[in-house]
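Examining the three-dimensional arrangement
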Amino acid sequence: MRECFEKQLDGDTTLELSLTFQQRAKSRGKAMASDAQEVAWFLARGQVMKDGEVLVANNGQHIKII
């Protein structure tokens, strides 16, 4: 499982993570990425992920939110 602790506005991505609005509004959660591996995110409370933003995983991968 990939763990993400930060996000950025854009960047080169290799994976996509399709989230509903309800999932994007949560500061913590889990979902399947486009490669069928699980991604968990742990962001500061009150942050909402927007379409096109990028999560940075602990292994250095960048995952685009769609």
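Anyway, here's the lowdown on the structure attached to this text.

Reading the values: the criteria
- Within each chain, residues carry numbers counting from 1 in the order of the written sequence.
- Since the coordinates come from a predicted model, pLDDT governs what is reported: local features require at least 70, and pairs of side-chain atoms require 80 or more to be given and counted, while whole-chain, interface and lining totals use all residues.
- To obtain the side-chain values, all non-hydrogen atoms of the structure were included, while hydrogens and water were left out.
- The pairing criterion is simple: DSSP has to find at least two bridges between the two strands.
- The numbering of helices and of strands both runs from the N terminus, where a helix is a DSSP run of H or I of at least 4 residues and a strand a run of E of at least 2.
- Nonpolar cores are built from buried Ala, Val, Leu, Ile, Met, Phe, Trp, Tyr and Cys residues. Side-chain atoms within 4.5 Å join them into one set.
- Partly exposed describes any residue whose relative accessible area lies between the buried limit of under 20% and the exposed limit of over 50%, with all areas from a 1.4 Å probe on protein chains only and scaled to the type maximum.
- By definition in these notes, contact holds between two residues if any of their heavy atoms fall within 4.5 Å.

With that settled, consider the pairing of strand 3 (residues 28-32). Note that strand 3 and strand 4 (residues 38-42) share five bridges and pair antiparallel. Looking across to strand 4, one finds that methionine 32 is bridged to glutamate 38. Counted along the chain from strand 3 to the antiparallel partner strand 4, the turn is five residues long, and its residue alanine 36 has a positive phi close to 65°.

Let us now look at the nonpolar core. The biggest cluster of nonpolar side chains holds 14 residues, and the ones touching the most others in it are Cys4, Leu17, Leu19, Trp41, Met49, Leu55 and Ile63. Where this core is concerned, the elements lending two or more residues are strand 2 (15-17), strand 4, strand 5 (54-57) and strand 6 (62-65). The residues contacting leucine 55, other than those within four sequence positions of it, are Cys4, Glu6, Lys7, Leu17, Trp41, Leu43, Met49, Gln61, His62, Ile63 and Ile65.

That's the geometry; what it means functionally is another story.
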